[in-house]
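As a plain string of letters, each chain reads:
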Amino acid sequence: MNAVTPSPKLHDCRDAFVAVLERLGADNPKIVAVCNDSVGSSKLGGFKAKWPERLVNVGIAEQALVGVGAGLANGGLLPFVCGAACFLTGRSLEQIKADIAYSNANVKLIGISSGMAYGELGPTHHSIEDFAWTRVLPNLPVVAPCDSIETAAAVEWAASYDGPVFLRLSRVGVPDLLPEGHKFELGKANLLRDGDAITLIANGTVTHRMVKAAAILAEQGIEARVLNMATVRPIDVEAVVAAARETGAILTAEEHSTFGGLGSAIAEVVVAEAPVPMKILGVPGIFAPTGSAEFLLDEFGMSPAGIAEAAIDLIARKSSRT
Amino acid sequence: MQPNDLDRIARQIRLRDLQAVFEAGAGHIGGEMSAIDILTALYFRVLRIWPDQPKHPDRDRFVLSKGHVALALYVTLAKRGFIPEEEVATFLKPHSRLNGHPNCNKVPGVETNTGPLGHGLPVAVGMAKAAKLTGATYRTYVLTGDGEMQEGSNWEAIASGAQFGLDNLTLIIDHNRFQQGASLKDTNNLAPFPAKLEAFGWDVTEINGNAMDEIVPALEKRGSRPHCIVAHTNKGHGISFMQDKVDWHHKVPNAEQYKIAVAELSEAL
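Residues numbered from 1 in each chain as written. Chains lettered and ligands numbered in written order. Predicted model: local features only at pLDDT ≥ 70, side-chain atom pairs only at ≥ 80, totals over all residues. Heavy atoms only, no water.

Engineer: So what's going on with the overall build of chain A? Which residues, and what values?
Structural biologist: A tally of regular secondary structure across chain A gives 12 helices and 14 strands. Overall, the C-alpha framework of chain A stretches about 60 × 40 × 35 Å when taken along its three principal axes. Across the 322 residues that make up chain A, the buried fraction comes to 63%. For chain A, restricting intrachain contacts to residue pairs at least 6 apart in sequence, the fraction spanning at least 24 positions comes to 78%. Between the centroid of the 26 positive side chains of chain A and the centroid of its 35 negative side chains there is a distance of 2 Å. (Helix = DSSP H or I, 4+ residues; strand = E, 2+ residues; numbered from the N terminus. Buried < 20%, exposed > 50% of the residue type's maximum accessible area, 1.4 Å probe, protein only. Contact = heavy atoms within 4.5 Å. Lys, Arg positive; Asp, Glu negative; His and termini not counted. Charge placed at Lys NZ, Arg CZ, Asp CG, Glu CD.)

Structure representation (structure tokens):
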């Protein structure tokens, strides 16, 4: 296959989210947006202008945010509950567990500005624990789209899916990778480039960095497979096992702690089904120093060059085993 | 149904609840006894419900936020026809639908899963707000414990309920004055409740929450603001040696105590 080429233009995926929400909202009066004073940061201004009564703002009160969302769903509405991912998941985790996941409420949780999108604001505002916190909850799919096209497709899918969803979005600009018209399938990874030396797996804001790292590797004659794995739960077991068996090494990268996130979910499969050398890139179990998301991703070894270097080290480990 | 009939049903529910606690060897009998009159008034008089259509879109919503008294709800739901009466005997047994806190995906008539405290009221605010947005005519009722009001999430929801103008929402605080380990007064004393709720913009009615002729009119009261009923109740109400004793939050009667309690409740029948 031909490798995907990142678009030159960068997109804030929140724009794709609200564009789809407003399009669906025009046809479906049951769609309501729920927020915690986050009209601006969730980009819900357009939705509010169109349907002010359908924008339910509970104020700075995240426990009520999620509980009210569950109640709105019980009353027959289709709530998109929006808030900064750090507060939505951290402050309201027990509401997400009891009111949403355990109650199986048809609520879409939209975590805005996840990862280190609030970079310089510091670790209080970073949401690098949310995969770990949410992916252990039954009934709750966890999805982090890689570009504006996948974001739009995932929002459309979430609206039609009968059950809770956690959609993890960023505000950091990313290039488009997936083709126009892409359909989102829960639990299915997307092959962005094929190769047999190693598999690089990422999601969210890091996927395009993996694509660029694969291009660097290709210049050195190393053909890496690249998978975009937006769905952290349920993990795409088939794609992970195939990657392990066919390429013999897996490098993951995510805008999240190295503990409990995408890499961990993949490692759980690899260990049980097809053990091969693995490395997990992410925030290495520390509170991040001051810096933008882009700076911090580079700092933690997730620049394209840093990823390529980690891939070469991992391929060497693979060779040393044989 | 009139107060006298409701009293009779409440005593029957108390007796069945006591038996189930004794048989299961667990339960939260003190808070169950304090709340049973309120549950009876709701399910046998106030709520517009269809037991054979538990998901009817026009049904009134009831949320048991003090989910640890699930058994009292199960007995009430069984008596009202939502689940078979004989199923109460499975309470806490392996794979029973009736575990220690209610599950809306297993038990017909349960609206949302509760257990951790401070969850029911925010969800009830969402239910009432949904009715406002869709024009539905159902009303939403939520029962919390008084100790439970120490959870900050309740006050987030109380503020939202007033802000949204939810005149279709009724909060009942089961004010039995005791929490798990001590009295409310000796722990984190939020009482008196009325001034606090009024300051948030709610209508407040104070009643004897174990007296049917006060419970029913309070539940049927309609106004232009969200309504809080501060129901003064007795923990362990109806069983003399349990009444207002903190030990009976989740203590299980021994055989002798059980015999006395059954006799007291049966006599009242």
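Engineer: Run through the sheet that holds strand 2 (residues 31–35) of chain A, naming residues and quoting values.
Structural biologist: Residues and elements named next belong to chain A. One open sheet holds the seven strands; their spatial order is 3-2-4-5-7-6-12, and the pairing between them is mixed. With one partner strand each, in any of the chains shown, strand 3 (55–57) and strand 12 (231–233) form the two edges of the open sheet. Bridge count between strand 6 (residues 142–143) and strand 12: two bridges; the pairing is antiparallel. Residue Val143 lies in a different strand from strand 12, and its bridge partner there is Thr231. In the packing of helix 7 (residues 148–160) onto the sheet, the strands contacted are strand 4 (78–84), strand 5 (108–112), strand 6 and strand 7 (165–168), and the crossing angle to strand 7 comes to about 165 degrees. (Pairing = 2+ DSSP bridges. Axes fitted to C-alpha atoms, helices over the stretch in contact; angles between N-to-C directions.)

Engineer: Help me get a handle on the interface of chain B and chain A, residues and values and all.
Structural biologist: Across the boundary between the two partners, chain B contributes 27 residues, which contact 24 residues of chain A. Here chain B and chain A share an interface that buries about 1,900 Å² over both sides, 55% of which is from carbon and sulfur atoms. When residues of chain B are sorted by the area they lose upon contact with chain A, B:His119, B:Leu133 and B:Glu156 head the list and together hold 27% of the total. Counting every contact that joins chain B to chain A gives zero salt bridges. Linking chain B with chain A are 12 residue pairs in polar contact (both at pLDDT 80 or more), by the criterion used here. (Buried area = accessible area lost by both parts, 1.4 Å probe. Salt bridge = Lys/Arg side-chain N within 4 Å of Asp/Glu carboxyl O. Polar contact = N/O pair within 3.5 Å; in protein donor to acceptor, adjacent residues only side chain to side chain.)

Engineer: Any details on empty space enclosed by the protein? Residues and values, ideally.
Structural biologist: Taken as a whole and assessed by the stated rule, the structure comprises four cavities of 30 Å³ or more. Estimates place the volume of the largest cavity at around 140 Å³. Taken together, 17 residues make up the lining of the largest cavity; nearest its centre are A:Pro145, A:Arg168, A:Ser170, A:Gly204 and A:Thr205. Considering only residue class, the lining of the largest cavity consists of eight nonpolar, five polar and four charged. Taken domain by domain, the makeup of the lining of the largest cavity includes at least three residues from each of domain 1 (11–175) and domain 2 (190–321) of chain A. Considering the residues around the second largest cavity, the lining is formed by B:Tyr43, B:Leu47, B:Ile49, B:Trp50, B:Gln53, B:Pro54, B:Arg59, B:Asp60, B:Phe62, B:Phe82, B:Gly109 and B:Glu111. (1 Å grid on protein atoms, 1.4 Å probe; cavity = no way out; pocket = protein on both sides within 12 Å on 5 of 7 lines; lining within 4 Å. Points joined across faces, edges and corners; volume = space filled by probe spheres on them. Nonpolar A, V, L, I, M, F, W, Y, C, P; charged D, E, K, R; others polar. Domains from an automatic or database assignment.)

Engineer: Describe the pattern of salt bridges, with residues and values.
Structural biologist: Charged atoms that come close allow side chains of opposite charge to pair. All names here are of chain A. Applying the stated criterion across every chain, the model contains 23 salt bridges over all chains. With a closest N to O distance of 3.0 Å, Asp194 and Arg225 form a salt bridge. Of the two residues, Asp194 is situated in the loop between strand 9 (190–193) and strand 10 (198–202) and Arg225 in strand 11 (residues 224–228); the sequence distance between them amounts to 31 residues. With a relative accessible area of 35%, Asp194 lands in the partly exposed category.

Engineer: Requested: an account of the sheet that holds strand 5 (residues 227–232) of chain B, with residues and values cited.
Structural biologist: All names here are of chain B. Spatially, 1-2-3-5-4 is the arrangement adopted by the five strands of the open sheet, whose pairing is parallel. Here the strands that pair on one side only, and so sit at the sheet edges, are strand 1 (61–64) and strand 4 (203–208). In this sheet, neighbouring strand axes are inclined to one another by 20 degrees on average, regardless of whether the strands run parallel or antiparallel. In the sheet, strand 4 pairs with strand 5 via six bridges, with the strands oriented parallel. Note on strand 5: the bridge partner recorded for Ile207 is Ala231. The sheet contacts of helix 7 (residues 212–220) involve strand 2 (140–145), strand 3 (169–175), strand 4 and strand 5, and relative to strand 4 the element is tilted by about 165 degrees.

Engineer: Give a description of the UniProt feature "domain: Transketolase-like pyrimidine-binding" (unreviewed entry) in chain A that names residues and reports values.
Structural biologist: According to UniProt, the "domain: Transketolase-like pyrimidine-binding" (unreviewed entry) feature falls on residues 11–176 of chain A. Annotation note: span residues 11–176 of chain A, helix share 41%, strand share 17%, distance between end C-alpha atoms 7 Å. (UniProt positions renumbered as here; feature names shortened; annotations may be inferred.)

Engineer: How would you summarise the packing of aromatic side chains if you had to cite specific residues and measurements?
Structural biologist: One pass over the full model with this rule turns up 10 aromatic pairs over all chains. Ring centres 5.2 Å apart and planes at 55 degrees place the aromatic pair A:Trp157 and A:Phe184 in the tilted group. With A:Trp157 in helix 7 and A:Phe184 in the loop between strand 8 (174–175) and strand 9, this pair connects stretches of sequence that are 27 residues apart. When its relative accessible area of 9% is taken as the criterion, A:Phe184 is described as buried. For the ring pair B:Tyr74 and B:Phe91, a centre distance of 6.1 Å and an interplane angle of 65 degrees mean the geometry is edge-to-face. With B:Tyr74 in helix 3 (residues 70–80) and B:Phe91 in the loop between helix 3 and helix 4 (120–134), this residue pair connects regions lying 17 residues apart in the sequence. Just as B:Tyr74 is buried, B:Phe91 falls in that class too. Above the ring of A:Trp51, the side-chain terminus of A:Arg54 is found at 4.4 Å from the ring centroid. Just above the ring of B:Phe164 sits the side chain of B:Lys129; from NZ or CZ to the centre is 4.6 Å. (Phe/Tyr/Trp six-rings, centres within 6.5 Å; stacked < 30°, edge-to-face > 60°. Lys NZ or Arg CZ within 6 Å of the ring centre and 35° of its normal.)

Engineer: How would you explain the packing of helix 3 (residues 62–74) of chain A against helix 4 of chain B if you had to name every residue and give the values?
Structural biologist: In contact at an axis separation of 6 Å, helix 3 of chain A and helix 4 of chain B are set at 50 degrees when each is read in the N-to-C sense. As the angle between them shows, helix 3 of chain A and helix 4 of chain B are arranged oblique. Between helix 3 of chain A and helix 4 of chain B lies a crossing whose hand is right-handed. Seen from helix 3 of chain A, the contacting residues are A:Gln63, A:Ala64, A:Gly67, A:Val68, A:Ala70, A:Gly71, A:Leu72 and A:Asn74; seen from helix 4 of chain B, they are B:Pro122, B:Val123, B:Val125, B:Gly126, B:Met127, B:Lys129, B:Ala130 and B:Leu133. For the contact of helix 3 of chain A with helix 4 of chain B, the class distribution of residues is 10 nonpolar, five polar and one charged. (Parallel < 35°, antiparallel > 145°, perpendicular 65-115°, else oblique. Left-handed = near helix turned anticlockwise from the far one by under 90°.)

Engineer: Could you give an account of the UniProt feature "domain: Transketolase N-terminal" (unreviewed entry) in chain B, naming the residues involved and the relevant values?
Structural biologist: The positions that UniProt labels "domain: Transketolase N-terminal" (unreviewed entry) are, in the present scheme, residues 8–250 of chain B. For the annotated span residues 8–250 of chain B, helix accounts for 36% and strand for 12% of the residues, and the straight-line distance between the end C-alpha atoms is 25 Å.

Engineer: Describe the state of the cysteines, with residues and values.
Structural biologist: One way to say it: the disulfide is the covalent bond shared by the sulfur atoms of two cysteines. Residue and element names in this part refer to chain A. In this structure the tally under the stated criterion is zero disulfides over all chains. With no disulfide of its own, Cys35 has Cys82 as its nearest cysteine by sulfur position, at a separation of 7.1 Å. Accessibility expressed as a relative area gives 0% for Cys35, which makes it buried. (Disulfide = S-S within 2.5 Å.)

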